[in-house]
Amino acid sequence: VNDLSGPVGVASTMAVTARVNIGRFLQLVAFISINLGVMNLLPLPALDAAACVPHHRGIRRKPVPPKYEGLVHAAGLMLLLMLMVYVTGHDILRLLTGRMMQ
């Protein structure tokens, strides 16, 4: 949990990296872009590829009822939002206490 970093932590790390070495900064940008692309391909509710999952009917050979599909998407979105709030709050606390990368 202490190694997670949200937008505040990523921005801080990128600012430090850009000051130190532009080559490393470009590598970091590429790494983040690739990771974001992979995460968007995962079939997690509230992410991009989740819309593809109901089309793969799998074992049942019947579509998932819209009621249940909506519940799964809502639950996934709530979990994702809670994680985002926690990580961003943790980043802000580290920034205010001076424990963020300098």
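Quick note: structure is the one above.
Residues numbered from 1 in each chain as written. Predicted model: local features only at pLDDT ≥ 70, side-chain atom pairs only at ≥ 80, totals over all residues. Heavy atoms only, no water.

If you check helix H2 (residues 22-41), its first and last C-alpha atoms are 29 Å apart, about what 20 residues at 1.5 Å a residue would give, namely 28 Å. Its side-chain oxygen 2.9 Å from the backbone nitrogen of Gly 23, Asn 21 forms the N-cap of H2. (Helix = DSSP H or I, 4+ residues; strand = E, 2+ residues; numbered from the N terminus. Expected span 1.5 Å × (residues − 1). Polar contact = N/O pair within 3.5 Å; in protein donor to acceptor, adjacent residues only side chain to side chain.)

A contiguous nonpolar surface patch, about 370 Å² in accessible area, is contributed by Leu 77, Met 78, Leu 81 and Met 84. Within the secondary structure layout, Met 78 lies in helix H3 (residues 66-97). (Patch = residues over 30% accessible without salt bridge, like charges linked within 9 Å, V, L, I, M, F, W, Y side chains within 5 Å. Areas by Shrake-Rupley, 256 points an atom, 1.4 Å probe, with all protein chains shown as cover. Salt bridge = Lys/Arg side-chain N within 4 Å of Asp/Glu carboxyl O.)

The next thing to look at is the packing of helix H1 (residues 7-20) against H2. Relative to each other, H1 and H2 sit at 150°, their axes nearing to 6 Å. One element, H1, and the other, H2, form an angle in the roughly antiparallel class. Residues Val 10, Thr 13, Met 14, Thr 17, Ala 18 and Val 20 of H1 form the contact with H2, whose own contacting residues are Ile 22, Arg 24, Phe 25, Leu 28, Val 29 and Ile 32. Per-class residue counts for the contact of H1 with H2 are nine nonpolar, two polar and one charged. (Axes fitted to C-alpha atoms, helices over the stretch in contact; angles between N-to-C directions. Parallel < 35°, antiparallel > 145°, perpendicular 65-115°, else oblique. Contact = heavy atoms within 4.5 Å. Nonpolar A, V, L, I, M, F, W, Y, C, P; charged D, E, K, R; others polar.)

With respect to the helices and strands, Arg 94 occurs in helix H3. With relative accessibility at 14%, the residue Arg 94 sits in the buried group. Within the structure, the side chain of Arg 94 is placed 3.0 Å from the backbone oxygen of Leu 4, a separation counted as a polar contact. (Buried < 20%, exposed > 50% of the residue type's maximum accessible area, 1.4 Å probe, protein only.)

Okay, the pattern of salt bridges next. Applying the stated criterion across every chain, the model contains one salt bridge. Across the salt bridge formed by Asp 91 and Arg 94, the nearest N and O atoms sit 2.5 Å from each other. Taken together, the residues Asp 91 and Arg 94, both in helix H3 and three residues apart, mark about one turn of the helix. Exposure remark for Asp 91: the relative accessible area of 0% places this residue in the buried category.

In short, shape yes, function no, at least from these values alone.
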